[in-house]
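Chains, contacts and geometry: an overview
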Amino acid sequence: CDMIKTRLQILPTRAGMFSTGATIIKTEGISGLYMGFTAACYRHCIYSGSRYFAYEILKEKVFKRNEDGTFPLWKSALAAMSAGAIGQFA
């Protein structure tokens with residue numbers, strides 16, 4: 001669970017994953033494990049959407065297919081890397 005990972009990263013304890021999860025459940029209830037889940041989903045939708053959109057635009061308008069209709073691997077990789085960088089700042 002992402003909440004357990006985050007707590008383990010920010011709290012200066014030597015507790016393990018299961019004991020941290022149990023503490024969250026005891027103090028905040030089961031819903032405590034899902035705090036921040038909505039924000040993470042929104043972030044993922046925005047990042048993935050902008051990345052896919054940028055990839056398609058780069059593929060069709062910037063790098064363009066070859067005359068025979070193929071799209072070489074190097075162009076695809078370059079478009080994907082560029083789209084990932086663009087998506088990161090969206």
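Notes on the structure follow. The shown structure was predicted, so the numbers you read here are calculated from the model rather than taken from an experiment.

Here the focus is the overall build of the chain. A tally of helices and strands in the chain yields four helices and zero strands. In sequence order, the chain lays out its α and β elements as α-α-α-α. Computed over the C-alpha atoms, the radius of gyration of the chain is 20 Å, more than 25% above the 12 Å expected from 2.2 N^0.38 for a compact globule of 90 residues. C-alpha atoms of the chain, sized along the principal axes, occupy 65 × 25 × 20 Å. Out of the 90 residues belonging to the chain, those deemed buried represent 23%. Across the chain, every contact between residues at least 6 apart in sequence was considered, and the portion connecting residues at least 24 apart equals 43%. Surface accessibility of the chain: about 6800 Å² in total, with carbon and sulfur atoms responsible for 67%. The chain carries 11 positive and 6 negative side-chain charges, and their two centres are separated by 9 Å.

Now for the side chain of Ser50. Within the element layout of this structure, Ser50 appears in helix α3 (residues 37-63). Note on Ser50: relative accessible area 18%, which makes it buried. Dropping the residues within four chain positions of it, Ser50 is found in contact with Gly87 and Ala90.

With that out of the way, let us pick up a nonpolar patch on the surface. Judged by side-chain polarity, Ile25, Ile30, Tyr34 and Phe37 come together as a nonpolar surface patch covering roughly 430 Å² of accessible area. Tracing the sequence through the fold places Tyr34 in the loop between α2 (17-28) and α3.

This part is about the packing of α3 against helix α4 (residues 73-88). Following both chains from N to C, one finds α3 and α4 inclined at 140 degrees, their axes separated by 8 Å at the closest point. By the angle between their directions, the pair α3 and α4 is classed as oblique. At the point where α3 passes α4, the crossing takes the right-handed sense. Counted together, Arg43, Tyr47, Ser50, Arg51, Ala54, Tyr55, Leu58 and Phe63 of α3 and Lys75, Ser76, Leu78, Ala79, Ala80, Ser82, Ala83, Gly84, Ile86, Gly87 and Gln88 of α4 form the full contact between these two elements. Here the contact of α3 with α4 is composed, by residue class, of ten nonpolar, six polar and three charged.

Take the packing of aromatic side chains next. This model, assessed by the stated rule, comprises one aromatic pair. The lysine or arginine in question, Arg51, covers the ring of Tyr52, its NZ or CZ lying 5.1 Å from the ring centre.

Definitions and limits used
Residues numbered from 1 in each chain as written. Predicted model: local features only at pLDDT ≥ 70, side-chain atom pairs only at ≥ 80, totals over all residues. Heavy atoms only, no water. Helix = DSSP H or I, 4+ residues; strand = E, 2+ residues; numbered from the N terminus. Rg over C-alpha atoms; globule rule 2.2 N^0.38 Å. Buried < 20%, exposed > 50% of the residue type's maximum accessible area, 1.4 Å probe, protein only. Contact = heavy atoms within 4.5 Å. Areas by Shrake-Rupley, 256 points an atom, 1.4 Å probe, with all protein chains shown as cover. Lys, Arg positive; Asp, Glu negative; His and termini not counted. Charge placed at Lys NZ, Arg CZ, Asp CG, Glu CD. Patch = residues over 30% accessible without salt bridge, like charges linked within 9 Å, V, L, I, M, F, W, Y side chains within 5 Å. Salt bridge = Lys/Arg side-chain N within 4 Å of Asp/Glu carboxyl O. Axes fitted to C-alpha atoms, helices over the stretch in contact; angles between N-to-C directions. Parallel < 35°, antiparallel > 145°, perpendicular 65-115°, else oblique. Left-handed = near helix turned anticlockwise from the far one by under 90°. Nonpolar A, V, L, I, M, F, W, Y, C, P; charged D, E, K, R; others polar. Phe/Tyr/Trp six-rings, centres within 6.5 Å; stacked < 30°, edge-to-face > 60°. Lys NZ or Arg CZ within 6 Å of the ring centre and 35° of its normal.

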